[in-house]
Amino acid sequence: MKLEGLIREAYEKAGVEPPEKPQTKARPTSGQRKSKERSKHQKHKKPRPQAENARPGPKKAGAVKSSQPEKTLTVTANGTRITRWSAPESAPKRVPVVKQASVPEPQQDAVEPCLTISASTDARVTWHTLRTTKPAPIETWPLNGHEIHLRNSPEEKHLNLGLDFGSSSLKAVISDRDRQLTYAVPFRDIQGVARYLLPCRVYRGMTAAGADSYNLDGHGVAFQDLKLALLSASDSHEAQLNVVGFLALALRLIRGWLLSTHGATYGGEIIWDMAIGLPFANLENEKLVSLYKTLSTAAWIASTKEQLTTAMVQQAIKRAKELTAGAPVDSDVEDVEDIAVDVHPEIAAQIHGFVSSGAYDPNASNIYLLVDVGAGTLDASVFRVKRETGQSKDSFAFFTTSVEPHGVMNLHRQRTGALQKALAEQLPDRADLLQAVNGISQLTDAEEALPEQIAGYFQGVDVQFHGETIGRQFYRQVKRQVVQDTYVKVLDEKLLGPQQMRGMPMFICGGGSRSGFYRQLKADLRSFPGCSWFGVIPKPLQRPSGLQAPGLPRSDYHRLSVAYGLSRLKLGELVAQVPAMDVEHRRIDFSERYIDK
């Protein structure tokens, strides 16, 4: 009996109905089995990305999607279907586009500050106007400096004079390249760096003979803002006269000191070269460069005359124009070879001392951010220095530069302007305070550092701001210039790559850099949240060896760095505009990097 019959008989003996016969399922086809397995597998597998997101590698910050769609190509090889896809990829050195949210935002326009001022009965202005000591007198020497050389010896010397004609003061350094010595020229009988600073202020008054003559002794009408007046109105005859008169008196002091104190060394004929600096932004102005050369030559000629009258200065300017046009010389004083005048970028001169020091590595990238805080302007530049092996000349390539009226004395003028308005409106009975503030408002050659706070101008005066302070508003403009318009700009315009931005050395120098107000830049440029490429390394300008400047504090060398560089700088190639990096977009097939299913 079959097994099925035996089971049925057993159920009957037990008196139990057997169960119904189960239905037999149909055997699945091959395609049905694959579909079932695929469905079961996908329950545990993450969705495969679409072509635009599939396997491109890690997405980098700042990467930009291509406007061209990704393409797929399906081919058949030996009966097997292979799908290839391609996506755009930039050249290896592509500069990523910086997201707006990842860099410091552009600064907002300043609004007029609102302040409240109150004063005690004994309140007074204590900054600058109430100095207990008189200004340091100008040094005098046995030789008055009318002489170009002594001719006491047959030995001939070649000297280079660097003149830093600034908004507030003039600095001078004489370089003897044969002896590898440089001399900082002292102008006043005072200690510290002020000894080497000649205030850019000249007086014009009547002499005993009734002639209108220039002097530095305070006799007559004072003329200040000499450089700023010339730059703002280079065609002004008055501005040109005052600049030549001042520079001629300065040249007398310089030669008088050298020949009186080092006459034994330089007793023979001296061949002079003179270099004067200009902000880099002005170097492309050929008319201004030519004017600087003409006025400097005129000052040299005028400095050899006994009387520095306005008529004599006018004649010297006329003669300088004739000489530069090719007129024959009448004397050794007018010999253009003996008074060769060069105009160099101040920033190139400023960095020369560092480049010539042991801290300079010729094998490094040598890309720098330099911020020069003057009285009237703030100059900021990103540039590269290159010196070929065995060469003495430095080549400069400027990526970007900006010159704005963000110098320390413009901050001073904004402060005093607000104080004048507040005093007139809120304290009309304190005419004494208003008059004192008026007296200091137009200074550009003050030797004292500005107060850190606006109340520091006074004793017994309280100033309260409602909203943002003047200093904070001004600092936002300074920061915008240095960060957004200079440092970040070179990345935005693809002049440098991210790897060249991070760790860029930064130098802050100039008279205004003494203020903590500008030193804040050192902290603010070290890093920025969300920007791995953002960050500079502040460095000091070290005093060069061989510089003779008795009493000059090491920390104040930067005040003389432009004059030092001008006296020694040998310029090679000067590139004013660096082209953007070559950005080449190409499509690349990624399928060979990954295994197809």
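Everything numeric in this text was worked out from a predicted model, so none of it was measured.

A. Structural context of the overall build of the protein. For the protein, the count of helices and strands is 14 helices and 21 strands. Sorting the 597 residues of the protein into buried and exposed places 45% on the buried side. By sequence separation, contacts in the protein at least 24 residues apart represent 73% of the contacts at least 6 residues apart. Of the accessible surface of the protein, which amounts to about 31,600 Å², a share of 49% is contributed by carbon and sulfur atoms.

B. Spotlight on the layout of surface pockets. Put simply, the second largest pocket is a space of about 700 Å³. In terms of lining, the second largest pocket is formed by 43 residues, of which the most central are Ser 168, Lys 171, Gly 374, Ala 375 and Gly 511. Only β5 (169-176), α3 (226-232), α7 (346-355), β13 (367-373) and α8 (408-426) provide two or more residues apiece to the lining of the second largest pocket. It is α3 that provides the largest number of residues to the lining of the second largest pocket, a total of 3 residues.

C. Region of interest: the packing of aromatic side chains. In total, this model carries 20 aromatic pairs according to the counting rule given. Taken together, Phe 354, Tyr 368, Phe 383, Phe 396, Phe 398 and Phe 507 form an aromatic cluster joined through their ring pairs. A cation over an aromatic ring shows up here: Arg 255 above the ring of Trp 300, its NZ or CZ 4.7 Å from the ring centre.

D. Just the sheet that holds strand β8 (residues 202-206), in detail. Strand order across the open sheet formed by 3 strands is β9-β8-β10, with antiparallel pairing between neighbours. The strands lining the two open edges of the sheet, one partner per strand, are β9 (212-215) and β10 (221-223). Put simply, the sheet's adjacent strands are angled 30 degrees from each other on average, direction ignored.

E. The pairing of β9, seen in detail. In terms of strand pairing, β8 meets β9 through 4 bridges, oriented antiparallel. By the bridge assignment for β9, Tyr 203 is matched with Asn 215.

F. Main features of the pairing of strand β17 (residues 504-509). Summarising burial for β17: 6 of the 6 residues are buried, a large majority. Side chains of β17 alternate between two faces, with Met 504, Met 506 and Ile 508 and Pro 505, Phe 507 and Cys 509 buried alike. Relative to β17, β13 is paired through 4 bridges, and the arrangement is parallel. Residue pairing across strands places Val 371 opposite Ile 508, the latter belonging to β17. In this sheet, strand β18 (residues 536-538) lies alongside β17 in parallel orientation, the contact comprising 3 bridges. Note on β18: the bridge partner recorded for Pro 505 is Ile 537. Running through helix α13 (residues 516-524), the crossover from β17 to the neighbouring parallel element β18 is right-handed.

G. Just the side chain of Ser 175, in detail. Mapped onto the secondary structure, Ser 175 falls in strand β5. Given a relative accessible area of 0%, Ser 175 falls into the buried group. Here the side chain of Ser 175 touches Arg 568 through a polar contact of 3.3 Å, side chain to side chain. Ignoring any residue separated from it by four or fewer positions in sequence, one finds Ser 175 in contact with His 158, Leu 159, Asn 160, Leu 181, Thr 182, Ser 567 and Arg 568.

H. The arrangement of empty space enclosed by the protein in detail. The final tally for this structure, using the stated rule, is 1 cavity of 30 Å³ or more. Quantified by volume, the largest cavity comes out at close to 30 Å³. Lining the largest cavity, in full, are Phe 165, Leu 230, Val 243, Leu 247, Ile 276, Tyr 292, Leu 295 and Ser 296. If you list the elements that add at least two residues to the lining of the largest cavity, you get α4 (237-261) and α5 (286-303). Looking at which element gives the most residues to the lining of the largest cavity, the answer is α5, with 3 residues.

I. Molecular detail of the side chain of Arg 252. Summarising the element assignment, Arg 252 is placed in helix α4. Separated by 3.4 Å, the side chains of Arg 252 and His 146 make a polar contact. Looking at Arg 252, its side chain comes within polar contact range of the main-chain oxygen of Lys 305, at 2.3 Å. If sequence neighbours within four positions are ignored, Arg 252 has contacts with Asn 144, Gly 145, His 146, Ala 302, Ser 303, Lys 305, Glu 306, Gln 307 and Leu 308.

J. Geometry of the pattern of salt bridges. Inspection of every chain in the model, using the stated rule, returns 15 salt bridges. One salt bridge in this structure joins Glu 155 and Lys 157, with 3.1 Å as the shortest N-O distance. Judged by relative accessible area, which is 43%, Glu 155 ranks as partly exposed. Taking relative accessible area as the criterion, Lys 157 reaches 16% and is therefore assigned buried. Residues Asp 432 and Arg 430 are paired through a salt bridge, measuring 2.9 Å at the closest nitrogen-oxygen approach. If you follow the salt bridges from partner to partner, you end up with Arg 204, Asp 212 and Glu 238 in one network.

K. Structural view of the packing of α8 against helix α10 (residues 470-487). Orientation of α8 relative to α10, taken along the N-to-C sense of each, is 145 degrees, at an axis distance of 10 Å. In terms of crossing hand, the pair formed by α8 and α10 is right-handed. Residue-level inspection shows Asn 410, Leu 411, Gln 414, Arg 415 and Ala 418 of α8 in contact with α10, the latter providing Ile 470, Gly 471 and Phe 474. Taken together, the residues that form the contact of α8 with α10 break down as 4 nonpolar, 3 polar and 1 charged.

L. Representation of the confidence of the model for the protein within the structure. This prediction gives the protein a mean pLDDT of 79; 74% of its residues lie at or above 70. Per-element confidence in the protein ranges from a low mean pLDDT of 37 for strand β2 (residues 80-90) to a high of 96 for α4. Long-range and interchain partners of residues 43-102, a stretch whose pLDDT sits below 50, account for 90 contacts in this model, where long-range means more than four residues apart. Long-range and interchain partners of residues 583-597, a stretch whose pLDDT sits below 50, account for 38 contacts in this model, where long-range means more than four residues apart.

M. Structural context of the environment of Phe 507. Its location among the elements puts Phe 507 in strand β17. The class for Phe 507 is buried, based on a relative accessible area of 0%. For the pair Phe 507 and Ile 537, spaced 30 residues apart in the sequence, the C-alpha separation amounts to 8.6 Å. The contacts of Phe 507, once residues within four sequence positions are left out, are Ile 351, Phe 354, Tyr 368, Leu 369, Leu 370, Val 371, Lys 539, Pro 540 and Leu 541.

N. Examining α13 more closely. When α13 is considered as a whole, its buried residues turn out to be Phe 517, Tyr 518, Leu 521 and Asp 524. For α13, the angular spread of buried residues about the axis comes to 100 degrees, placing them on one side. In this structure, the buried side of α13 is in contact with β13, β14 (378-386), α8, α10 and β17.

About the thresholds
- Per chain, residue numbering runs from 1 following the sequence as it is written.
- Local features in this predicted model are restricted to residues whose pLDDT is 70 or higher, and side-chain atom pairs enter the listing and the counts only when it is 80 or higher, whereas totals over whole chains, interfaces and linings include all residues.
- Think of the side-chain values as coming from all heavy atoms in the structure, minus any hydrogens and water.
- Only DSSP runs of H or I with at least four residues qualify as helices, and only runs of E with at least two residues qualify as strands; both kinds are numbered from the N terminus onward.
- Accessible area is worked out with a 1.4 Å probe on protein chains only. A residue is then buried under 20% of its type maximum, exposed over 50%, and partly exposed in between.
- Contacts are residue-level and defined by heavy atoms, with any inter-residue pair within 4.5 Å sufficient.
- Using a 1.4 Å probe, the Shrake-Rupley method yields the accessible areas, and only the shown protein chains count as cover for residues.
- Of the two site types, the cavity is a set of points on a 1 Å grid over the protein atoms alone where a 1.4 Å probe fits but cannot get out, and the pocket is an open set with protein on both sides within 12 Å along at least five of seven lines, each lined by residues with an atom within 4 Å of a point.
- Grid points are joined across faces, edges and corners, and a volume is the space filled by probe spheres set on the points.
- The pairing test for Phe, Tyr and Trp rings, Trp by its six-membered ring, is centres within 6.5 Å, and the orientation test on the planes gives stacked under 30 degrees, edge-to-face over 60, and tilted for anything in between.
- Only Lys NZ and Arg CZ are tested; either one counts as a charge over a ring when it is within 6 Å of the ring centre and within 35 degrees of the ring normal.
- Strands pair, by our definition, only if DSSP identifies at least two bridges between them.
- Lines fitted to C-alpha atoms define the axes, with helix axes restricted to the stretch in contact, and inter-axis angles between N-to-C directions lie between 0 and 180 degrees.
- Whether a crossover is right-handed comes down to one check: with the strands pointing away from the viewer, does the path from the first strand over the helix to the second run clockwise; if it does, it is right-handed.
- Counting of polar contacts relies on pairs of N or O atoms within 3.5 Å, with two restrictions inside protein: one atom must be capable of donating a hydrogen and the other of accepting it, and residues adjacent in sequence are counted only when both atoms are side-chain atoms.
- Salt bridge, as used here: a side-chain nitrogen of Lys or Arg that lies within 4 Å of a carboxyl oxygen of Asp or Glu.
- Here a crossing is taken to be left-handed if its near helix is turned anticlockwise relative to the far helix by less than a right angle, and right-handed if that turn runs clockwise.
- Each residue gets one of three labels, nonpolar for Ala, Val, Leu, Ile, Met, Phe, Trp, Tyr, Cys and Pro, charged for Asp, Glu, Lys and Arg, and polar for the others, Gly among them.
- pLDDT gives the predictor's per-residue confidence on a scale running from 0 to 100.
- The arc in question is formed by the directions pointing from the helix axis toward the C-beta atoms.

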